[in-house]
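As a plain string of letters, each chain reads:
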Amino acid sequence: MIIKILGSGCRKCVALGDNARAAAAAAGKPAEIVKVTDFAAIAAYGVMSTPGLVIDEKLVSSGKVLSAEEIGKFI
């Protein structure tokens, strides 16, 4: 599973990455966490507000920091 965190690397982006890592661990699924900071690549997903969360190339959230429990619902 590939989980992408879309954003500039701000505190919210880091928190979302940590929550995604925790959600994958809780689900017992191996996940590769990829940080995407290129604004053209972020815009290609249709994200206008960061951080964004993409799981296996599907945009599941943008503009907010989901908890590990919320992310777990998408995994």
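In case you missed it, the structure is sitting above this.
Values in this document were obtained by computation on a predicted structure and should not be read as measured data.

Rules behind the numbers
Residues numbered from 1 in each chain as written. Predicted model: local features only at pLDDT ≥ 70, side-chain atom pairs only at ≥ 80, totals over all residues. Heavy atoms only, no water. Core = buried A, V, L, I, M, F, W, Y, C linked by side-chain atoms within 4.5 Å. Buried < 20%, exposed > 50% of the residue type's maximum accessible area, 1.4 Å probe, protein only. Helix = DSSP H or I, 4+ residues; strand = E, 2+ residues; numbered from the N terminus. Contact = heavy atoms within 4.5 Å. Expected span 1.5 Å × (residues − 1). Arc of directions from axis to C-beta. Pairing = 2+ DSSP bridges.

**Section: the nonpolar core**
Item 1. Membership of the largest hydrophobic core is limited to twelve residues, which are Ile3, Ile5, Cys13, Leu16, Ala20, Ala23, Ala24, Leu53, Ile55, Leu66, Ala68 and Ile71.
Item 2. Elements supplying a minimum of two residues to this core: β1 (2-6), α1 (11-27), β3 (52-55) and α3 (68-72).
Item 3. Sort the elements by how many residues they give to this core and α1 lands first, with five residues.
Item 4. Discounting chain neighbours no more than four positions away, the residues touching leucine 53 are Ile3, Lys4, Ile5, Leu16, Ala20, Lys58, Leu59, Val60, Ser61, Leu66 and Ile71.
Item 5. By size, the runner-up hydrophobic cluster in this structure holds five residues, among which are Leu6, Ile42, Val47 and Val54.

**Describing α1**
Item 1. When the terminal C-alpha atoms of α1 are compared, their 24 Å separation across 17 residues agrees well with the 24 Å that a helix rising 1.5 Å per residue should span.
Item 2. Where α1 is concerned, the buried positions are Cys13, Leu16, Gly17, Ala20, Ala23 and Ala24. The buried residues of α1 all sit within an arc of 125° when viewed along its axis, so they share a single face. Turned more than 90 degrees from where α1 packs its buried face, Arg11, Ala25 and Ala26 sit exposed.
Item 3. Close packing links the buried residues of α1 with β1, β2 (32-36), β3 and α3.
Item 4. A positive backbone phi angle near 70° is found at glycine 28, which sits one or two residues after α1.

**Some thoughts on the side chain of lysine 4**
Item 1. Here lysine 4 is to be found in strand β1.
Item 2. On the accessibility criterion, lysine 4 (17% relative accessible area) is buried.
Item 3. Aside from chain neighbours lying at most four places away, what touches lysine 4 is Val34, Val36, Tyr45, Gly52, Leu53, Val54 and Glu57.

**A few points about the pairing of β3**
Strand residues, when the strand is regular, have side chains that alternate between the two faces of the sheet.
Item 1. Burial along β3 is two-sided: the face carrying Gly52 and Val54 and the face carrying Leu53 and Ile55 are both buried.
Item 2. Summarising the sheet, β1 and β3 pair through four bridges and their orientation is antiparallel. Along β3, the bridge assignment pairs isoleucine 3 with isoleucine 55.
Item 3. Alignment of β3 against strand β4 (residues 58-62), held across four bridges, turns out to be antiparallel. Across the sheet, glycine 52 pairs through a bridge with serine 62, a residue of β4.

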